[in-house]
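Examination of the molecular architecture
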Amino acid sequence: MLSKRLIACLDVRDGKLAKSIRFVNTKDIGDPVEKAREYYADGLDELVFYDITASSDNRSIMLDVVEAVAREVFIPLSVGGGVRTVADATDLRLAGAEKINVNTAAVKRPALIAECAEAIGDQNVVLSMDIRRVDRSDRFPSGYEIVINGGRTPMGIDGLAWALEGERLGAGELVVNSIDADGTRDGYELRLTAMIADAVRIPVIASGGAGEPRHLREVLTEGGADAALVASMVHYGDYAVSELKNYLHDQGVKMRMSW
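As the structure is a computational prediction, the values presented were derived from the model and not from experiment.

**A closer look at the nonpolar core**
In terms of nonpolar packing, the biggest core is built from 72 residues, with Leu-47, Ile-113, Leu-127, Met-129, Ile-196 and Leu-216 touching the most fellow members. Ignoring anything within four residues of it in the chain, the contact list for Leu-47 reads Ile-7, Ala-8, Leu-10, Ala-36, Val-69, Val-73, Ile-75, Pro-76, Leu-77 and Ser-78. Ile-7, Cys-9, Val-48 and Val-126 belong to the second largest nonpolar core, which has nine residues in total.

Here it is in structure tokens:
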């Protein structure tokens, strides 16, 4: 069995670390470079950096901030926000990103996934999906819908169908982010995560809702996720990265430990 991963997410707006609840009421909460350095030193497995307004502002990602973070961490760095072309993906790789996250632009033009996979390798392409609960129907048989532009625009695409299509087009990993759970700290959307993890053969990263250590255990076991993404619970100092990894290890979850 492969080790599970603990991933910290840095949502960045105008160069500042930001956090929101269900993608609204966004507040600046610190320096992303400082947090990246802290989490890396404490044993984090992987870091995700999202420029959360790049797509909605119709601009490119802030390469200078990516470069600053990349200089501080020597673990996989995954970057997303405003990736629209292979050139964007290549620029991020040159800035220090190991993996490239595509989201809004891929929903609008799915061929982007295949193009990036061919250019930089499918193992380096992550499809991030922002998903919200809806009533089950012929249009949404899974009961979930894809939204874009930071959760502001519903797309009329079934969540499970898009996950399967992303895998087919060459994505190497999926980030499953629940809009309904995002920032609430009430726990991950286990049903959503398990549904997608059961349906695809590529790694699934659970995102949205982590507030207590048991939430990570639940999503990595019951939810079938390969990795758990955290934000608020470490950004606000409630838990340290090492504390969470030690808890999961003690609970019998196979983790990459530094000792």
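**Examining the packing of helix α8 (residues 213-221) against helix α10 (residues 241-250)**
Look at α8 against α10: their axes get within 10 Å of each other, and the N-to-C directions meet at 50 degrees. Between α8 and α10, the crossing angle belongs to the class labelled oblique. The two elements α8 and α10 meet at a crossing, and its hand is right-handed. Seen from α8, the contacting residues are Pro-213, Arg-214, Leu-216, Arg-217 and Leu-220; seen from α10, they are Leu-244, Tyr-247 and Leu-248. Classifying every residue of the contact of α8 with α10 gives six nonpolar, no polar and two charged.

**Quick word on the side chain of Ser-128**
Its location among the elements puts Ser-128 in strand β7 (residues 125-133). Excluding anything up to four places from it in sequence, Ser-128 contacts Tyr-50, Asn-101, Val-102, Asn-103 and Val-175.

**Section: the confidence of the model for the chain**
When pLDDT drops low, the exact placement of atoms in the prediction is not to be read closely. Summing up the model confidence of the chain, the mean pLDDT is 90 and the portion of residues at 70 or higher is 89%. Scored below 50 in pLDDT, residues 20-27 shows 25 contacts in the model against residues more than four places distant or in partner chains.

Thresholds applied
- Residues numbered from 1 in each chain as written.
- Predicted model: local features only at pLDDT ≥ 70, side-chain atom pairs only at ≥ 80, totals over all residues.
- Heavy atoms only, no water.
- Core = buried A, V, L, I, M, F, W, Y, C linked by side-chain atoms within 4.5 Å.
- Buried < 20%, exposed > 50% of the residue type's maximum accessible area, 1.4 Å probe, protein only.
- Contact = heavy atoms within 4.5 Å.
- Axes fitted to C-alpha atoms, helices over the stretch in contact; angles between N-to-C directions.
- Helix = DSSP H or I, 4+ residues; strand = E, 2+ residues; numbered from the N terminus.
- Parallel < 35°, antiparallel > 145°, perpendicular 65-115°, else oblique.
- Left-handed = near helix turned anticlockwise from the far one by under 90°.
- Nonpolar A, V, L, I, M, F, W, Y, C, P; charged D, E, K, R; others polar.
- pLDDT = per-residue confidence, 0-100.

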